[in-house]
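Here are the chains, one letter per residue:
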Amino acid sequence: MFLCMFLCLLLPISDALSAPREGDEFFPPPPRNHVTFWGHACCYIEVEGFGIVTDPMFAGRYFVRRRKIPVPPVPSMAGTKLILVSHAHVDHLNKESIAMFPDSARVLCPWTVAEHLEDSGRAFTVMRPGDTYEYTHGKVVAVRAEHPGKRFSLRKRPDDGAIGFVITTPFGAVYYSGDTEYFEGMIDIGSTWQPEIAIINITSHLSGANAVRAVWATRANVVIPVHFGAYDYILFGPLKSPRGYDEIAEMISDQAVLLQPGESISLEKEVRNEIITK
């Protein structure tokens, strides 16, 4: 433990230039009306040509973890209009990664993230649970998350500035949990928005029985478990599934779709059903 803490102090939080760069084939342009997993907690949600990205993190390393997959190439980011950042922890807010997107892309985020963007030149909108941002094909709604939201905070406090998002689309709503514990309000999110797809960060904060409860609470037809796949653990390669996923995989198998970085799933239920029946 003390060795890890010492190494964390010695290593830079991020080094975007050291990340693998040969990403053109690994990350082709995101397909239309699909959710594409870009590793860790980053997904590209393509809605009729309008790109929405969750928690982009492409740094070469953070603390003692190194990126082991390519970075999405700039052409694959070209359609991005909105960047959703759920909280300010170093593996979710990375200004160098945000800077790779078109200058016109706006960040939607809690106040804990906004205070780090004030000198970036990037347009941003601060959101609290219940706030709504209209976009061309629907709206983005900030929802509650139970998680420390400040840059280096470890303890959750009231109004600590971590949020999730619901994105409405012509094909149904998409819920992105951000980092969170299970909380009863997830049932309200599921019943209010009835998401077609839920993107759930399966972490040490949301694992085991609580992860199963969260999946079931969303009522989503498709659940995409994320928070893995891009960074290694010093002596080990990047995880092929979220930590603890094997323990819950059977219980959520009817809903879960485990994407690997670069893989996509359609927003359109009819398209997904056609693939299943082939």
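Please refer to the structure placed before this passage.
Residues numbered from 1 in each chain as written. Predicted model: local features only at pLDDT ≥ 70, side-chain atom pairs only at ≥ 80, totals over all residues. Heavy atoms only, no water.

A.B. asks: Hey, could you run me through empty space enclosed by the protein in this one?
C.D. replies: The final tally for this structure, using the stated rule, is one cavity of 30 Å³ or more. One number sums up the size of the largest cavity: a volume of about 30 Å³. As for the largest cavity, its lining consists of His 40, Arg 65, His 227, Phe 228, Tyr 233, Leu 239 and Arg 243. (1 Å grid on protein atoms, 1.4 Å probe; cavity = no way out; pocket = protein on both sides within 12 Å on 5 of 7 lines; lining within 4 Å. Points joined across faces, edges and corners; volume = space filled by probe spheres on them.)

A.B. asks: Explain the nonpolar core to me, please; I cannot follow it from the model alone.
C.D. replies: Nonpolar side chains in soluble globular proteins tend to end up buried together. Among the nonpolar cores identified, the biggest contains 29 residues, and Val 35, Ile 45, Phe 165, Ile 167, Ile 199 and Ile 224 are the most heavily contacted of them. Setting aside chain neighbours within four positions, we find Val 35 in contact with Cys 43, Tyr 44, Ile 45, Ile 197, Ile 199, Ile 224, Leu 259, Glu 263, Ser 264, Ile 265 and Leu 267. Residues Tyr 44, Phe 58, Ile 69 and Phe 101 belong to the second largest nonpolar core, which totals 28 residues. (Core = buried A, V, L, I, M, F, W, Y, C linked by side-chain atoms within 4.5 Å. Buried < 20%, exposed > 50% of the residue type's maximum accessible area, 1.4 Å probe, protein only. Contact = heavy atoms within 4.5 Å.)

A.B. asks: What is the right way to look at the packing of helix α5 (residues 185-193) against helix α6 (residues 208-218) in this model?
C.D. replies: It is at 7 Å that the axes of α5 and α6 come closest, and there the two elements cross at 25°. As judged from the angle between their axes, α5 and α6 are roughly parallel. The residues of α6 that touch α5, namely those facing Met 186, Ile 187 and Gly 190, are Ala 214, Ala 217 and Thr 218. Residues that form the contact of α5 with α6 fall into these classes: four nonpolar, two polar and no charged. (Axes fitted to C-alpha atoms, helices over the stretch in contact; angles between N-to-C directions. Helix = DSSP H or I, 4+ residues; strand = E, 2+ residues; numbered from the N terminus. Parallel < 35°, antiparallel > 145°, perpendicular 65-115°, else oblique. Nonpolar A, V, L, I, M, F, W, Y, C, P; charged D, E, K, R; others polar.)

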